[in-house]
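Report on the structure
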Amino acid sequence: MTVQHKTNLTSTNPPKPIHPLALVQVLSESPTGFETREIISNPGDERVHVSNATGMPYLGLCLLKSFSYNEDGTLRVEIFATGWFSSPRTLVTAGHNLFNPIVFGSARSGWADTVHAYPAYNGENSPPYGGFEQAEQLYVPSAYQQQLDIRLDIGIVRFEQPISAENAFLNHEVKSDGELKSSQALIAGYPLDLGGGLLMYEGYDRFKAFEPERLFYELDTGKGQSGAPVIVIDGGNQGTVVGIHAHNSSQTPTAYYPANSATRITPTISAWIQQYK
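I will try to describe carefully the structure that is included in this document.

About the criteria used
All residue numbers here refer to positions counted from 1 along the written sequence of the relevant chain. Per-residue local features of the predicted model are confined to residues with pLDDT of at least 70, and side-chain atom pairs are confined, for both listing and counting, to 80 or more; whole-chain, interface and lining totals are unaffected and use all residues. Side-chain metrics in this entry use all non-hydrogen atoms of the structure; hydrogen atoms and water are not considered. The secondary structure listing takes helices from DSSP runs of H or I that are at least 4 residues long and strands from runs of E that are at least 2 residues long, numbered from the N terminus. For every residue, the accessible area obtained with a 1.4 Å probe (protein chains only) is divided by the maximum for its type, and the residue is called buried under 20%, exposed over 50%, and partly exposed between those limits. Any pair of residues with heavy atoms lying within 4.5 Å of one another is described as a contacting pair. Note on areas: Shrake-Rupley with a 1.4 Å probe; residue coverage comes only from the protein chains shown. Each aromatic pair joins two rings of Phe, Tyr and Trp (for Trp, the six-membered one) with centres within 6.5 Å, and gets the label stacked for planes under 30 degrees apart, edge-to-face for over 60, and tilted for any other angle. The nonpolar core is taken to be a set of buried Ala, Val, Leu, Ile, Met, Phe, Trp, Tyr and Cys residues, with the residues joined through side-chain atoms within 4.5 Å. We treat two strands as partners when DSSP finds at least two bridges between them. Throughout this description, the term salt bridge denotes a Lys or Arg side-chain nitrogen within 4 Å of a carboxyl oxygen of Asp or Glu. As used in this structure description, the phrase polar contact means that two N or O atoms lie within 3.5 Å; if the pair is within protein, one of them must be able to donate a hydrogen and the other to accept it, and residues adjacent in sequence are counted only when both atoms belong to side chains.

The subject of this paragraph is the overall build of the protein. When helices and strands are tallied, the protein shows four helices and 16 strands. Counting over 277 residues, the protein shows a buried share of 56%. Contacts spanning at least 24 positions in sequence make up 72% of the contacts within the protein whose residues lie at least 6 apart. For the protein, the accessible surface area stands at approximately 11100 Å², while carbon and sulfur atoms represent 47% of it.

Put into structure tokens, the structure is as follows:
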């Protein structure tokens, strides 16, 4: 799988501190299907706040903030998202959190200018470790950059130095439909509609349907959770990532509707992640 990447990310603009009133400006012309609030559960939202993010798999998650600036250096757009560590200096997320010509601007080649990561963030006064780090390199598959192919909506964020806590990264694995049918899915991330994107929330449910490159489920999600790991907990382990949450029901085939969806960990995706560890 060929790859497009961006290096030498903007560093002239000082990072803005996380604050409950921090600017969140996502342009109204954001492409259809990019994560919006999608509550599917009946009677209502089943996501719950993660009260203690100091254990796994939560330590392996990360609040992500992507920025785009105008030519005069003023902030054009800031988005909240979620990512997860595949190694101490490698973060996996949805591709549209890093490359999005409509949101970040085609005049700037569609890439975010700057990406900040806040490992295991869970409230302004209670980060379990660290603060934020600025990304060094961003990567998305060429097919995603050229065609916005939702089956390859995945991105890699690389850092100059390790930024996760020791051993606080998640394993990923290719699993068959049969294996996933017997598993419960967990999605944890940073929804804007709950906690303003500054608190970690999670939800559990069974998978609803499978395609070779996508997973479908009725887990409730919201803007800010794009890039979150879809985790299966089995055998008492700390969780295995089988997908990257990326889309709401607007991108779901009629046969599975309503359902949110993830980019599935396939052999190709797995090998692509592995090369950046």
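Another aspect to go through is the packing of aromatic side chains. The full count for this structure, using the stated rule, is eight aromatic pairs. Centre to centre, the rings of Phe67 and Tyr69 are 6.3 Å apart; their planes meet at 10°, and the pair counts as stacked. Each member of the pair Phe67 and Tyr69 is classed as buried. Here Trp272 and Tyr276 contribute two aromatic rings whose centre-to-centre distance is 5.6 Å and whose plane-to-plane angle is 80°, an arrangement assigned as edge-to-face. For the pair Trp272 and Tyr276, one class covers both residues: buried.

Let us now look at the nonpolar core. Counting residues in each nonpolar core, the largest one holds 50 residues, and the members touching the most others are Leu91, Val115, Val157, Met200 and Ile273. Per-element tally for this core: the top contributor is strand β4 (residues 75-87), with six residues. When sequence neighbours within four positions are dropped, the list of residues in contact with Val157 reads Arg89, Thr90, Leu91, Thr93, Leu98, Val115, Ala135, Gln137 and Leu138. Among the nonpolar cores identified, the runner-up in size contains 13 residues, and Leu180, Ile187, Phe210 and Ala228 belong to it.

Moving on, we come to the pairing of strand β3 (residues 61-69). The element β3 is extensively covered by neighbouring structure, given that nine of its nine residues are classed as buried. Going residue by residue along β3, you find Leu61, Leu63, Lys65, Phe67 and Tyr69 tucked away on one face and Cys62, Leu64, Ser66 and Ser68 tucked away on the opposite face as well. Pairing of β3 with β4, which is carried by nine bridges, proceeds in the antiparallel orientation. Residue pairing for β4: Cys62 is matched across the bridge by Gly83. In this antiparallel pair of consecutive strands, β3 and β4, the connection spans five residues, and Gly73 shows a positive phi of 90°. Note that β3 and strand β6 (residues 114-119) share six bridges and pair antiparallel. Residue pairing in the sheet places Ser66 in a bridge with Val115 of β6.

A separate point is the pattern of salt bridges. Enumeration according to the criterion identifies nine salt bridges in this entry. When the shortest N-O distance is used, the salt bridge between Glu136 and Arg89 registers 3.5 Å. In this pair, Glu136 sits in the loop between β7 (133-134) and β8 (137-141) while Arg89 sits in the loop between β4 and β5 (90-93), placing the two residues 47 residues apart along the sequence. By relative accessible area, which is 25% here, Arg89 ends up partly exposed. Linking Glu213 and Arg151 is a salt bridge whose minimum nitrogen-to-oxygen distance equals 3.4 Å. Here the residue Glu213 occupies a position in the loop between β12 (201-211) and β13 (214-217), and Arg151 occupies one in the loop between α2 (142-147) and β9 (155-158), the gap between them amounting to 62 residues.

Summarising the element assignment, Asp149 is placed in the loop between α2 and β9. Note on Asp149: relative accessible area 13%, which makes it buried. A polar contact of 2.9 Å, which involves the side chain of Asp149, links it to the side chain of Arg151.

On to the environment of Ser249. Looking at where Ser249 falls in the secondary structure, it is placed in the loop between β15 (240-247) and β16 (260-264). Overall, the relative accessible area of 4% leaves Ser249 in the buried class. Once the C-alpha coordinates of Ser249 and Phe216 are considered, the two residues, 33 residues apart in sequence, prove to be 9.4 Å apart.

Neither face of β5 is open: one carries Thr90 and Val92, the other Leu91 and Thr93, and all of them are buried. What sits between the antiparallel neighbours β4 and β5 is a turn of two residues. Taken together, the four bridges between β5 and β9 define a ladder with antiparallel strand orientation. Counted as the bridge partner of Thr93 is Gly155 from β9.

Function cannot be read off these values alone, since they describe shape.
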